[in-house]
Amino acid sequence: MNSHQILLGKLQKRKIAVKTRKRGFHSGSRQSHKFGSSMEFSDFRAYQPGDDIRQIDWNVFGRTQKHYIKRFLDEQELSIAVYLDATSSMTKMVAKWEYAKALAAALSFMVLSGEDRLLFSPVSSAGLQPIKRKGSVYSRRTFMEIQKIEPSAMSNNFLGSLKDTLSRHQQLAVIIADGFEPLQEWESLFRKLRGLKQEFWLFQVQADEEMTPSYSGDVKLIDSETGTAVNVSMSPAVLAGYEKRLKKHNEQLEILCKRYGGQYIFAPETRDLQTVLFRDLYAKGLVR
């Protein structure tokens, strides 16, 4: 069994926990707290490990020799959007980009394997189309597709593009980005999400080289999004000042996120992905 199969096996046992219990327009596999108060039949779905065997429809089994359970309108479905920053500031560093994609793929898999509705959007990258799917039948395929996404040569401003394309029909928005944009732009996004009454999680992914640069001497720094360049002499004092400013920026971003009711998860590329998924999220009560 390869590492992907092991990871997916673990993810199948977890479900994303959303505080908002607003019912969507479609039935799902999440039981309300008052299961059975309304027994309006919706449809069938395949039995999955962990389901109550008392819900198996034995008449259907007699006809098909397969186990199905009835779904009722009491069962709630979540609509969850995963927004991946696909601008050049994310994609230029290979390890950081691969880590961000792996995180997006894992979270998307968890959404679909829970029989919920997924909108996955690689934001700001020309030519990459959103993925809209529902149900576990698409979970593995979607996981692999996200892992294989290639960056576009052209990209726009991440937060500007995200605010323009933000879906209004989600219970949860998951944002995966490096968070380097100005704090006032982030606050504008958080304010909009709160206005839409959407829960939101922010995963801040940064490369080790961004957090603790190893440059020395005279170097030319080029902005990966605008192409502008600046010559800098990298002394220990300059590096120390940069690291201090970055730490303060990240801390203020976390405070802003929480102020508007969001969940902040710092996920540098050096942190083991499974630790983030199975320890950090569980500790925050975001998965169960």
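Residues numbered from 1 in each chain as written. Predicted model: local features only at pLDDT ≥ 70, side-chain atom pairs only at ≥ 80, totals over all residues. Heavy atoms only, no water.

## Digging into the side chain of T142
Step number 1: Looking at the secondary structure, you find T142 in helix α5 (residues 139–147).
Step number 2: When neighbours within four sequence positions are excluded, T142 is seen to be in contact with S108, L112, L118, I131 and R133. (Helix = DSSP H or I, 4+ residues; strand = E, 2+ residues; numbered from the N terminus. Contact = heavy atoms within 4.5 Å.)

## What to know about the sheet that holds strand β6 (residues 117–123)
Step number 1: Sheet architecture is open: six strands sit in the order β7-β6-β5-β8-β9-β12, paired in mixed fashion. Among the strands making up the open sheet, the edge pair consists of β7 (131–134) and β12 (263–266). Averaged over all pairs of adjacent strands, the angle between their axes in this sheet comes to 15°, without regard to strand direction.
Step number 2: Contacts from α5 reach β6 and β7, with the element oriented near 160° to β7. (Pairing = 2+ DSSP bridges. Axes fitted to C-alpha atoms, helices over the stretch in contact; angles between N-to-C directions.)

## With respect to the pattern of salt bridges
Two side chains with opposite charge may pair up if their charged atoms get near one another.
Step number 1: Under the counting rule described, the total for this entry stands at eight salt bridges.
Step number 2: R191 is the partner of E187 in a salt bridge, and the nearest nitrogen-oxygen pair spans 3.7 Å. Here E187 pairs with R191, and both are found in helix α7 (residues 183–195), just four residues apart, close to one helical turn.
Step number 3: A single salt-bridge network, built from bridges that share partners, covers K96, D178 and E210. (Salt bridge = Lys/Arg side-chain N within 4 Å of Asp/Glu carboxyl O.)

## Quick word on the environment of V60
Step number 1: Considering the arrangement of structural elements, one finds V60 in helix α2 (residues 58–64).
Step number 2: In this structure, the C-alpha to C-alpha distance between V60 and F44, residues 16 residues apart in sequence, is 9.5 Å.
Step number 3: Apart from residues no more than four positions distant in its own chain, V60 is found in contact with F44, Q65, K66 and Y68.

## With respect to unusual backbone geometry
Step number 1: The phi dihedral of Q65 is positive, around 60°, even though this residue is not glycine.
Step number 2: Relative to the helices and strands, Q65 is located in the loop between α2 and β3 (68–72).
Step number 3: For Q65, a relative accessible area of 54% translates into the label exposed.
Step number 4: Unlike most non-glycine residues, E115 shows phi in positive territory, near 65°.
Step number 5: Mapped onto the secondary structure, E115 falls in the loop between α4 (94–113) and β6.
Step number 6: For E115, a relative accessible area of 9% corresponds to the buried category. (Buried < 20%, exposed > 50% of the residue type's maximum accessible area, 1.4 Å probe, protein only.)

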